[in-house]
2 protein chains.
Amino acid sequence: MTFYLIGIDGGGTSCRAAVALPDGRILGRGKAGAANILTDPETALQNITDAARAAFEDAGLDPAGITASRAILGVAGHNVGDAVHYVKRRLPFAVADIESDGLIALQGALGYKDGAVAILGTGTIYIAREGDAVSYIGGWGFTIGDHGSGARIGHALLQESLLAYDGIHEGSAVTDSVLSEFNNDPRDVVDFARLAKPGEFGRYAPRVFDHAEHGDPVGLRLIKAAATTVDEALDVVVSRGSRTICLLGGLAPLYRRWLAERHQPLFVEAEADALTGAVALAAARFGSRPEVSA
Amino acid sequence: MTFYLIGIDGGGTSCRAAVALPDGRILGRGKAGAANILTDPETALQNITDAARAAFEDAGLDPAGITASRAILGVAGHNVGDAVHYVKRRLPFAVADIESDGLIALQGALGYKDGAVAILGTGTIYIAREGDAVSYIGGWGFTIGDHGSGARIGHALLQESLLAYDGIHEGSAVTDSVLSEFNNDPRDVVDFARLAKPGEFGRYAPRVFDHAEHGDPVGLRLIKAAATTVDEALDVVVSRGSRTICLLGGLAPLYRRWLAERHQPLFVEAEADALTGAVALAAARFGSRPEVSA
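All of the points below concern the structure found in this document.

Conventions we followed
- Residues numbered from 1 in each chain as written.
- Chains lettered and ligands numbered in written order.
- Predicted model: local features only at pLDDT ≥ 70, side-chain atom pairs only at ≥ 80, totals over all residues.
- Heavy atoms only, no water.
- Helix = DSSP H or I, 4+ residues; strand = E, 2+ residues; numbered from the N terminus.
- Rg over C-alpha atoms; globule rule 2.2 N^0.38 Å.
- Buried < 20%, exposed > 50% of the residue type's maximum accessible area, 1.4 Å probe, protein only.
- Areas by Shrake-Rupley, 256 points an atom, 1.4 Å probe, with all protein chains shown as cover.
- Lys, Arg positive; Asp, Glu negative; His and termini not counted.
- Charge placed at Lys NZ, Arg CZ, Asp CG, Glu CD.
- Least-squares fit on C-alpha atoms with pLDDT ≥ 70 in both.
- Contact = heavy atoms within 4.5 Å.
- Pairing = 2+ DSSP bridges.
- Axes fitted to C-alpha atoms, helices over the stretch in contact; angles between N-to-C directions.
- Buried area = accessible area lost by both parts, 1.4 Å probe.
- Salt bridge = Lys/Arg side-chain N within 4 Å of Asp/Glu carboxyl O.
- Polar contact = N/O pair within 3.5 Å; in protein donor to acceptor, adjacent residues only side chain to side chain.
- Nonpolar A, V, L, I, M, F, W, Y, C, P; charged D, E, K, R; others polar.
- Core = buried A, V, L, I, M, F, W, Y, C linked by side-chain atoms within 4.5 Å.
- 1 Å grid on protein atoms, 1.4 Å probe; cavity = no way out; pocket = protein on both sides within 12 Å on 5 of 7 lines; lining within 4 Å.
- Points joined across faces, edges and corners; volume = space filled by probe spheres on them.

What chain A contains, in helices and strands, is 11 helices and 10 strands. Its C-alpha atoms give chain A a radius of gyration of 20 Å, near enough to 19 Å, the size a compact globule of 294 residues would have. Taken along the three principal axes of its C-alpha coordinates, chain A extends 70 × 40 × 30 Å. For chain A, with 294 residues in total, the buried portion stands at 59%. Taken as a whole, chain A presents about 11400 Å² of accessible surface, with 51% of it coming from carbon and sulfur. Charged side chains in chain A number 26 positive and 36 negative. The centres of these two groups are separated by 4 Å.

Right, dumping it as C-alpha cells:
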C-alpha cells in the first residue's frame, strides 16, 4: 500500500507542513495558522490538519491520503504535560510522533552533526546534541518560561507602557506607540493583555527591536534584558559541550547583534529548515531511509 | 423602610463583609473566599454574596435583608474595563457602588486625612489623596501589572525553579523546595502555573520572604527586585505630595524592612481596616452620616 510521509513544523505564529515520498523526497508544502499545543490545542489540531491538506494540494495529491500517511510533528511546547497525549490521539494521520520544535530544527539545521540550535521565535527553546546525548534547555512555554521569546518581549513592552503611564518608569517612543494604539487608556491595554495569546504578545517584539536599534531607551533596556536571558541559556549549551550554535526562529536575525561577544564565533548558518528536518526524521523513522544516528 | 449598610472588602485571597446600621455602626462581620472581579468574576460574585450572608448571620439578622441593603464594595482590579459593570449588574444588593480596594483601605487607614496607602497583597495598588485630588498608581492586575505583589513574587519563584532546573540560574533552598514539591518534574510546575490564579501564585510569596530573611540567595534576589518595584511606585506617590504612607495588605509587615531608607520615615500605622473604610463610605454615601470631604 502506498503511503506518504508528512513533516509538520508547528509554531506559535504559523504551522507548516510538507508531504514527501517514503524516501524523504518532498513533493509539496503547505501552511496554516498557529499550532501551540500547550496554550490552544484545539486550534493547533485544526491548523496541523489544514497545513497538511495544503501540502497535499500543493503536490497535486488527493488530501484523502492524509489518513494513510505517517508523520513527524515538531511543535512548540511539546515537552509539557498531558497536552502532547491529548493532541497525539486526535491527529488525522495513520502514525505520528510528536517531537519538539527544537529537535526537528536541529535535524534540519545540523543534519546529524554535533552542535546546538537556539530557537528564538514566539517561544524560546535550546537543544544540544553531542554524540548520543540530546539535551533540552528552556522551552517551558510562555507562562513561566520562554525567556527572551517574542511573547515575553511583547509582554514586557505592554508592562512598560503601563509603568510609563503611571510615571513609575520613564516612557519613550516605543511605549508612547503602544499607549496611543490603545487610545491612551491603560484599561484597554489590560483588556487586550488579559486575553492575548503568546503570538499576540509576540507581534510587538519586532517593534521593540526596531526601536532599540534606533536608540530608544526603553527598547534598549528591554532588548538588552532579553538578550541576557538568551546568553545565559547559551552559556549552558556551551557548558554541555556545544561549539557550534545555529540561531533559528523569526527573531534570530534581529537578535544576533545583541548577543554576547563570547558567543559570536560559535554561530553558524542552518543547512536546511525545520520542516525539512521533520521530513528527514519521518523518512528515517517511518520511511524507506535508514535511521542515521550521530 | 429599614435598610442596612454593607461594606465589602474583596481581595485576591479572601472577601470580607460587614453589615451596619444606617449611621455606620457595625453589627456583624463575615468572610468568604477570593473576590477578584477581573480574573474570576463568577467566583467573586459568589464569595461577595457568601460574605454578606455570613455578616448578617453574625449580627443575628435575617439574610433576606441583603436584597434591601446598600453597599460599598472595594475590590481588587476595580479599575479595569468591563468587569466592573458586569459584576455590578449582578450584585444582590438594592444599591451598590464598586470602589477600588485602594479607596476603602485609604478611608479606613487615614480617615479623611491626606496621605497614601500602598496595598501589598496578592495584588498591588497605591492610592494617594491630597486635598480633593485622589490618584491611583498601579493596580492593573496580574497579567501585566501588580509588580511586587504576592502573585508576582510567587510567579517569579516558579520561574526561578525552572531556570535552576535547567542550570541557567543558580538554585537555592527555596527553588529546591518548589522542585521537590513538584516531584522534581518541571512539567508539573508548568502544568500548575498554566492554570494558577493570582492567589495560587501568591501563596508562595511568604516562603520567598522567609528564605530571604535567612539569607537564601534566590530569595534575596527576588525580594530585593520586588522591593525595588514598590520603592519606585512609592517615589511616584511622594512626588505627588504624600508625606504619610500606610503600608497595607498581607505582605506589608513582611515588606517593610526591605523598602528603601528614604521611605521609612513616611510610614504610619492604619487607624482602621479597609472593611471599616468601606462601611464608612457606605454610611456617608447611602446612610444617615453626612459625607465628609477632605
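Following the structure, the description resumes.
Turning one copy of the chain about an axis and sliding it along that axis gives the other copy, so a rotation and a shift relate them. Overlaying chain A on chain B yields an RMSD of 0.0 Å, the required transformation being a rotation through 180° with an accompanying axial translation of 0.0 Å. Taken together, the turn and the small shift mark the pair as related by a two-fold rotation axis. Considering only C-alpha atoms, the residue of chain A closest to the rotation axis is Thr143 of chain A, which sits at 5.0 Å. Here 100% of the contact residues of chain A are again contact residues in chain B; the copies associate through an equivalent surface.

Along the chain, Asp166 of chain B turns up in the loop between helix 4 (150-165) and helix 5 (173-181). Apart from residues lying up to four places away in sequence, Asp166 of chain B is in contact with Tyr136, Ile137, Gly138, Trp140, Val236 and Arg240 of chain A.

The subject of this paragraph is the sheet that holds strand 5 (residues 95-100) of chain A. Residue and element names in this part refer to chain A. Strand order across the open sheet formed by five strands is 3-2-1-4-5, with mixed pairing between neighbours. A single partner strand is all that each edge strand has here, and the edge strands are strand 3 (26-32) and strand 5. Across the sheet, the axes of successive neighbouring strands diverge by a mean angle of 15°, strand direction being ignored. Lying on the sheet, helix 11 (residues 274-286) is in contact with strand 1 (5-10), strand 2 (15-20), strand 3, strand 4 (70-75) and strand 5; it crosses strand 1 at an angle near 140°.

Residue and element names in this part refer to chain B. Taking every second residue as pointing to the same face, both faces of strand 9 (residues 245-248) are buried, with Ile245 and Leu247 on one and Cys246 and Leu248 on the other. Across four bridges, the pairing between strand 6 (residues 115-120) and strand 9 is parallel. Each bridged residue has a counterpart across the sheet, and for Ala118 the counterpart in strand 9 is Leu247. As defined by bridge partners, strand 9 adjoins strand 10 (residues 267-268) across two bridges and the pair is classed as parallel. Paired with Ile245 across the bridge in strand 10 is Phe267.

Between chain A and chain B, the residue contacts involve 34 residues of the former and 34 residues of the latter. Of the roughly 2900 Å² buried where chain A meets chain B, counting both sides, 63% is carbon and sulfur surface. For chain A, the biggest contributors to the area lost against chain B are Trp140, Ile144 and Asp166 of chain A; these three give 25% of the whole. At the surface where chain A touches chain B, the tally comes to zero salt bridges. Along the contact surface separating chain A from chain B lie 12 residue pairs in polar contact (both at pLDDT 80 or more). Looking at the side of chain A that touches chain B, the elements with two or more residues in it are strand 8 (133-138), helix 4 (150-165), helix 6 (186-195) and helix 9 (217-239) of chain A. The residue makeup of the side of chain A that touches chain B, split by class, is 17 nonpolar, nine polar and eight charged.

Before going further, it helps to examine unusual backbone geometry. All names here are of chain B. Phi at Asn183 is positive, roughly 60°, even though this residue is not glycine. Among the structural elements, Asn183 can be located in the loop between helix 5 and helix 6 (186-195). One non-glycine residue, Asn184, adopts positive backbone phi at about 55°. Note on placement: Asn184 falls in the loop between helix 5 and helix 6.

Formed by 78 residues in total, the largest nonpolar core has its most connected members in Tyr126, Ile153 and Tyr255 of chain A together with Leu73, Leu91 and Phe93 of chain B. With 10 residues, helix 9 of chain A is the single largest residue contributor to this core. Residues Ile137, Leu179, Ala205 and Ile223 of chain B belong to the second largest nonpolar core, which totals 51 residues.

Quick look at empty space enclosed by the protein now. The full count for this structure, using the stated rule, is two cavities of 30 Å³ or more. Looking at the largest cavity, it is lined by 16 residues, and the ones nearest its centre are Leu163 and Ile168 of chain A together with Gly138, Asp146 and His147 of chain B. Those elements that provide at least two residues to the lining of the largest cavity are helix 4 of chain A together with strand 7 (124-130) and helix 9 (217-239) of chain B. Here the lining of the largest cavity is built from residues that sort into seven nonpolar, seven polar and two charged. Looking at the second largest cavity, its volume works out to about 30 Å³. Taken together, Val190 and Arg194 of chain A together with Leu38, Thr39, Trp140, Gly141, Phe142 and Thr143 of chain B form the lining of the second largest cavity. Per-class residue counts for the lining of the second largest cavity are four nonpolar, three polar and one charged.

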